Amino acid sequence: MESLETLNPQQRSAVESTEGPLLVLAGAGSGKTRVITVRIAQLIATEQVPAHNILAVTFTNKAAGEMRERVSRLLDEHRLQSAPLITTFHSLCVRILRRDIEHLEAGYTKSFTIYDTDDSVKVIKNCLKEIGYDDKSMTPRRLLGIISAAKNAGETAEQIAAGVRYTDQMRAVVAKVFRMYEQRLRTANALDFDDLLIKTVRLLGKSSDVRRHYNERYRYILVDEYQDTNSLQLSLIKYLTELSQNICVVGDDAQSIYGFRGADVGNILSFEEHYPSAKVIMLEQNYRSTQNILTAADSIIKRNKGRKDKTLWTANQSGERILYAQLPDSDGEARFVADEIDGILRREPSTRIAVLYRTNAQSRLFEEALRRIRVDYNMVGGFSFYERAEVKDIIAYLKLAMNPTDDVALMRVINTPARGLGKTSIDAIQGIALSRSSSMWEAILQATAPGGDPSTLSSRAVGALVRFRMTVEKLSSLMFTSSDSDRPVSNIVISAIEDSGYAAMLRSENTDESASRLENLQELVNAATDYDNDGPDGLRNFIDHAALTSDTDKFDRNASVTLMTVHAAKGLEFPVVFIVGLEDGIFPHSRSLNDERELEEERRLAYVAITRAENRLYITHSMRRRIYGEEIPAEPSQFLNELPIELIDDRSQGMSWLSAGGGGGASRGSVAPRLPERRPAPRPVGKTYDSPDAIRDFFSGRSTGSRDSESRIRKTSEDPDSDPSGIKPGSTVEHPRYGKGLVLKREGSGDGAKLTVSFPGHGHKKLMEKFANLKVIK
DNA sequence: AAGTAAATTTTTTTT
DNA sequence: AAATTTACTT
């Protein structure tokens, strides 16, 4: 394969050592992803391994997607009958459990629901309410953290209760809620994020048949970011590789930043104990960063004690020094960063720049500063699309129709839109459910059964419940009557939006807010169209996707400015990087100041941040910061002390911590006054398309004739001209958010009509005509 | 039961 | 400062 020649000897050896266990210790920027992808391609193209026998596991959908793309590019000319499975740990587990969970334990079925953290918190809140425990020091969130840690460690409620970490009373509460929580998930046929791994490992441990099946299926397994695996993920891998032992793990102990989630660096450090015949390859040449950036990163990480000694080196030039600025307050910091970005983009408009911060809460100031000077940015993380209330509401309807015992989903939508089912009625239903130890849905069935006992519910409430029940049952029957094959996922989603009365509720509100919510639901329908051709599992897959996909995954690699947390930046690289908020209590975070192990993790985090930079690195901090709406003085981060002073170029206005006492020797760079002139219009981000007119020219030039004949043929049922809106291919329309666009394609008719529209600056969008709120221009 | 006003809490990082 | 939760009114 030609790409082999471009690899260095170590990389090449990592690609070619295809049989047996292999540990690749890959330093930052050493071509790790390249090695994994070429290795997969090599297995398929050269070693003739059938693609479906290969499994590559990552932690994020972002990483999996990127890997998938790069592998398919490498294998471009090969016609493959199957594809390698490249996926995340959690998706892999869902896949295994959807097939075999019924072999594990009674109670759980294939149609189980996934509870995200939010859902879990609600369950815990409910448990606390039921036992009447109200203590501000034990929030549902914290309790979930404790339970989650216990579950991951394989501890039972009794073991937790015996632990010495809490007071006697608290121990009893933790144990009790733990048991209740697990029980409720079971009655709801629901699995939380931890369960996905736990149950899968337990299933593999219990059934040798299931184990054999996956061992035979996946004969070559690769794991990315191995330093972030926890003990369950290790067990999973060990089970899956029992037979072949063809396991290749890639990682860097210096980049282990998920200890708080149970990741155990020990897994990578002791790989050779788990796989005694393992071959070890070190990738130590960095191709990404300048020598100065690498030196800075090294000077931080070398303060850590527990680490494997690696010497990362580069043939790159020393490059510029590290740009440093101390600002008087956090607004000033944001303004400084925005102005620097503006300057860089004026000189070189296509530069990719990242602003990295420790916590999501820091993002707002940078967003505002960039917006003020009209620089477009792309923010990763923060509020996820799938976390919006309206999106979660509709997903809850779908989940409920799929699995009516899902109490969390039921609670979410039972009175949304309002049906007159308030606290009293809901309490009554919960009471019935509790007394029969059933789900709330079964309680509703009981309460609405004809001739059922006249329970605690008012007749008005019973009426509302009957209507609610019919709504859900109708949706259910839409999903499960697979008799007519044409039941696309998007139509079911539309049905959930319409038949629940949700759309009517939003339309009648008639505010900017409700309009934007409708637009978000339109986006949800758009997202669902991706699953329309997935067959009978389409809806299931769509719902799973919504549960397992965070916004961290929608990183636009072409955007010029990206805002994100350091965690989200792992695995990415940028010519210019700003690391902001280098203050004590922020970075390193206050919660890790008293614990040496956690402080070392913060240091690794700083290492990850620095090594994202290719050519230019900025480090900033401010002397005052608002926290909870209160201005408090901020101290410079201890990590600043750990940077080599001679590599720092101090750009602070006036005195800085560095020039005062931190360094003394650092020289001052000149501070050029900023130009007041501003860019007139925002720079478009991502794909840019031509004007509507240019697209129209292109479009009409190619297909005017066929369009005419097509519209003549379809005269009877689906004639676009007969549609009251008159929107057809070639029409120009106006969308509230995307502006003017050209209609390229129209599919379906009536309520299901889908339009493909090209909006300059926004690319092609698939819209449901019904929701899109389009104005026809010509 | 639903809407409004007041009180309380929030920020670590994420699948 | 903002968002969520609770308390209070109609």
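Residues numbered from 1 in each chain as written. Chains lettered and ligands numbered in written order. Predicted model: local features only at pLDDT ≥ 70, side-chain atom pairs only at ≥ 80, totals over all residues. Heavy atoms only, no water.

Some thoughts on the side chain of Asp195
Working step 1: Position of Asp195 relative to the elements: it lies in helix α9 (residues 193–206).
Working step 2: Judged by its relative accessible area of 2%, Asp195 is buried.
Working step 3: Excluding residues that lie within four positions of it along the chain, Asp195 makes contacts with Lys151, Leu185, Ala190 and Thr200. (Helix = DSSP H or I, 4+ residues; strand = E, 2+ residues; numbered from the N terminus. Buried < 20%, exposed > 50% of the residue type's maximum accessible area, 1.4 Å probe, protein only. Contact = heavy atoms within 4.5 Å.)

Topic: the packing of aromatic side chains
Working step 1: Tallied over the entire structure, the rule returns nine aromatic pairs.
Working step 2: Both rings, one in Tyr214 and one in Tyr218, keep their centres 6.4 Å apart while their planes meet at 15°; by these two values the pair is stacked. Here the two residues Tyr214 and Tyr218 agree in accessibility, since each one is buried.
Working step 3: Seen from their ring centres, Phe578 and Tyr618 are 4.1 Å apart, and the 10° between their planes marks the pair as stacked. Placement of Phe578 in strand β15 (residues 574–579) and of Tyr618 in strand β16 (residues 613–622) is noted, with a sequence separation of 40 residues between them. Take Phe578 and Tyr618: they sit in the same class, and that class is buried.
Working step 4: Within the aromatic cluster, the residues linked to one another by ring pairs are Tyr226, Phe271 and Tyr275.
Working step 5: Against the face of Phe112 rests Arg98, its NZ or CZ located 4.0 Å from the ring centre.
Working step 6: The residue whose ring lies beneath Lys238 is Tyr275, and the NZ or CZ to ring-centre distance is 5.7 Å. (Phe/Tyr/Trp six-rings, centres within 6.5 Å; stacked < 30°, edge-to-face > 60°. Lys NZ or Arg CZ within 6 Å of the ring centre and 35° of its normal.)

Side note on the sheet that holds β16
Working step 1: Pairing is parallel in the open sheet, where seven strands are placed in the order β13-β14-β12-β15-β16-β11-β19. Taken across any chain shown, the strands that pair with only one partner, and hence form the sheet edges, are β13 (378–379) and β19 (648–650).
Working step 2: Across three bridges, strand β11 (residues 322–327) lies against β19 in parallel orientation. Looking at the pairing, Ile322 lines up with Ile648 of β19.
Working step 3: Running at roughly 50° to β16, helix α14 (residues 291–301) makes contact with β11 and β16 of the sheet. (Pairing = 2+ DSSP bridges. Axes fitted to C-alpha atoms, helices over the stretch in contact; angles between N-to-C directions.)

A look at the confidence of the model for chain A
Working step 1: In this model, chain A carries a mean pLDDT of 82, and residues with pLDDT of at least 70 account for 82%.
Working step 2: By mean pLDDT, the top-scoring element of chain A is strand β6 (residues 220–223) (97), and the lowest-scoring one is helix α30 (residues 692–713) (28). (pLDDT = per-residue confidence, 0-100.)

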